[in-house]
Amino acid sequence: MAALGWLTPRRRSATARSVLAGEASAEAARKSSQEATEVSETAEPEFPVLGDEKAAAFFDLDNTVMQGAALFHFGRGLYKRKFFETRDLAKFAWQQAWFRLAGVEDPEHMQEARDSALSIVKGHRVAELQSIGEEIYDEYMAERIWPGTRALAQAHLDAGQKVWLVTAAPVEIATVIARRLGLTGALGTVAESVDGVYTGKLVGEPLHGPAKAEAVRALAAAEGLDLSRCAAYSDSHNDIPMLSLVGHPYAINPDTKLRKHARKLDWRLRDYRTGRKAAKVGIPAAAGVGAVAGGTAAAIALHRRRR
């Protein structure tokens, strides 16, 4: 048996250093376990909540879901179809460029854009504009959807929740975008029509600012939603009334005022714009401005060729 002695572990008394090492290891393991438990207990609960039928999500459109303003892109599409002249295109292009540079909605510019759009569609059939809206989405809007915001919307859909666009854009355009993104539907500005023909007037006022909050409140009541369990997403301080309605407000690509407000109230922030410096001051990246300029130049060049 002596020959097999080398197979038998030798007993050695623990030295002071080995005791210290063992105690330190045990203490580290215990501390690590405690920290893991604390993290588990304090981590945010999973959101959105799977199967919560009382919850839904409301997304602003312009510069939240999509780069730029839907109404301006729609105007470019109508110009391509000879709904109006080059001087009107220049106005749309300037308003869109200003919006992209400032990163905020200017009431005067937005009003001018709405008035222009209403005068342009007056006398046209609703069905015609809906069909054209499908084409314009493919031409100008599809490539401008923010992937990050799209993923947030999909998370709500995957959790079994309804997802709505809430925008000052015409409801017909908003509905096209919502359907293309697989969302539930859209709340938007309603243009008056008689016998399926646009009159050039609005029903009420544009769905903007406080009007968005009222639309969300009304829809929540009709759908039996609990707003404290709902989420809302926007880039603009104009939508603070809507964001304040819900239990889960998000500031997406926020303008300066919304960013400040969100930080004060500890709202969640997400910024999907390229260029951190641009994000800090609420200005979309120069690449986006270049895209607008390029698109405008292309449209003007197209007009010249037709002449």
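Relevant structure appears above.
First, a word on what this report is: a plain description of the structure on this page. (Residues numbered from 1 in each chain as written. Predicted model: local features only at pLDDT ≥ 70, side-chain atom pairs only at ≥ 80, totals over all residues. Heavy atoms only, no water.)

### As for helix 10 (residues 256–265)
Okay, step 1: For helix 10, every residue scored as buried is listed here: Leu 258, Arg 259 and Ala 262. Projected onto a plane normal to the axis of helix 10, the buried residues spread over an arc of 100 degrees and lie on a single side. Every exposed residue of helix 10 that faces more than 90 degrees away from the buried side is listed here: Thr 256, Lys 257, Lys 260 and Lys 264.
Okay, step 2: The N-cap residue of helix 10 is Asp 255: its side-chain oxygen and the backbone nitrogen of Lys 257 are 3.2 Å apart.
Okay, step 3: Of the residues trailing helix 10, Asp 266 is marked for its positive phi of about 60 degrees. (Buried < 20%, exposed > 50% of the residue type's maximum accessible area, 1.4 Å probe, protein only. Helix = DSSP H or I, 4+ residues; strand = E, 2+ residues; numbered from the N terminus. Arc of directions from axis to C-beta. Polar contact = N/O pair within 3.5 Å; in protein donor to acceptor, adjacent residues only side chain to side chain.)

### Some points on helix 2 (residues 70–80)
Okay, step 1: Among the eleven residues of helix 2, ten are classified as buried, and the element is accordingly described as predominantly covered.
Okay, step 2: Lys 82 lies just past helix 2 and shows a positive phi near 60 degrees.

### Thoughts on the nonpolar core
Okay, step 1: Core analysis: the biggest nonpolar cluster contains 41 residues, and Phe 59, Leu 78, Met 141, Leu 165 and Ile 177 have the highest contact counts within it.
Okay, step 2: A per-element tally of this core places helix 5 (residues 126–141) first, with seven residues.
Okay, step 3: Excluding anything up to four places from it in sequence, Ile 177 contacts Leu 61, Ala 70, Tyr 137, Met 141 and Leu 165.
Okay, step 4: Within the second largest apolar cluster, 25 residues are counted, among which are Phe 58, Ala 232, Leu 243 and Trp 267. (Core = buried A, V, L, I, M, F, W, Y, C linked by side-chain atoms within 4.5 Å. Contact = heavy atoms within 4.5 Å.)

### Comments concerning the packing of helix 2 against helix 5
Okay, step 1: Here helix 2 crosses helix 5 at 105 degrees, and the two axes come no closer than 9 Å. By the criterion of interaxial angle, the relationship of helix 2 to helix 5 is roughly perpendicular. Judged by residue contacts, Ala 70, His 73, Phe 74, Arg 76, Gly 77, Leu 78 and Lys 80 of helix 2 engage Leu 129, Ile 132, Gly 133, Ile 136, Glu 139, Tyr 140 and Met 141 from helix 5.
Okay, step 2: By residue class, the composition of the contact of helix 2 with helix 5 is eight nonpolar, three polar and three charged. (Axes fitted to C-alpha atoms, helices over the stretch in contact; angles between N-to-C directions. Parallel < 35°, antiparallel > 145°, perpendicular 65-115°, else oblique. Nonpolar A, V, L, I, M, F, W, Y, C, P; charged D, E, K, R; others polar.)

### Description of the packing of aromatic side chains
Both the distance between ring centres and the angle between the ring planes are used here to describe each pair of aromatic rings.
Okay, step 1: Enumeration over the complete set of coordinates arrives at two aromatic pairs.
Okay, step 2: Their ring planes at 5 degrees and their centres at 4.1 Å tell us that Phe 59 and Tyr 233 sit as a pair that is stacked. Linking Phe 59 in strand 1 (residues 56–59) with Tyr 233 in strand 6 (residues 231–234), this pair joins segments that are 174 residues apart in sequence. Both residues of the pair, Phe 59 and Tyr 233, belong to the buried class. (Phe/Tyr/Trp six-rings, centres within 6.5 Å; stacked < 30°, edge-to-face > 60°.)

### Some remarks on the packing of helix 5 against helix 7 (residues 171–180)
Okay, step 1: Between helix 5 and helix 7, the least distance of the axes is 9 Å, while the angle of their chain directions is 50 degrees. Here helix 7 runs oblique to helix 5, going by the angle between their axes. For the pair helix 5 and helix 7, the crossing hand works out as right-handed. When helix 5 is examined against helix 7, the residues Val 126, Gln 130, Gly 133, Glu 134, Tyr 137, Asp 138 and Met 141 are found in contact with a partner set consisting of Glu 172, Ile 173, Val 176, Ile 177, Arg 179 and Arg 180.
Okay, step 2: Of the residues assigned to the contact of helix 5 with helix 7, the class counts are six nonpolar, two polar and five charged. (Left-handed = near helix turned anticlockwise from the far one by under 90°.)

### Topic: the pairing of strand 1
Okay, step 1: Taking every second residue as pointing to the same face, both faces of strand 1 are buried, with Ala 56 and Phe 58 on one and Ala 57 and Phe 59 on the other.
Okay, step 2: Relative to strand 2 (residues 162–170), strand 1 is paired through four bridges, and the arrangement is parallel. Across the sheet, Phe 59 pairs through a bridge with Leu 165, a residue of strand 2.
Okay, step 3: Direction of pairing for strand 1 relative to strand 6: parallel, over a ladder of three bridges. Looking across to strand 6, one finds that Phe 58 is bridged to Ala 232. (Pairing = 2+ DSSP bridges.)

### What about the sheet that holds strand 8 (residues 268–270)?
Okay, step 1: Across the sheet, six strands lie side by side as 3-2-1-6-7-8; this open sheet has parallel pairing. The open sheet has two edge strands with one neighbour each: strand 3 (185–189) and strand 8. Within this sheet the neighbouring strands show an average axis-to-axis angle of 20 degrees, counted without direction.
Okay, step 2: The pairing of strand 6 with strand 7 (residues 248–252) spans four bridges and is classified as parallel. Directly across from Ala 231, in strand 7, lies its bridge partner His 248.
Okay, step 3: Strands strand 2 and strand 3 of the sheet are contacted by helix 7, whose axis makes an angle of about 145 degrees with strand 2.

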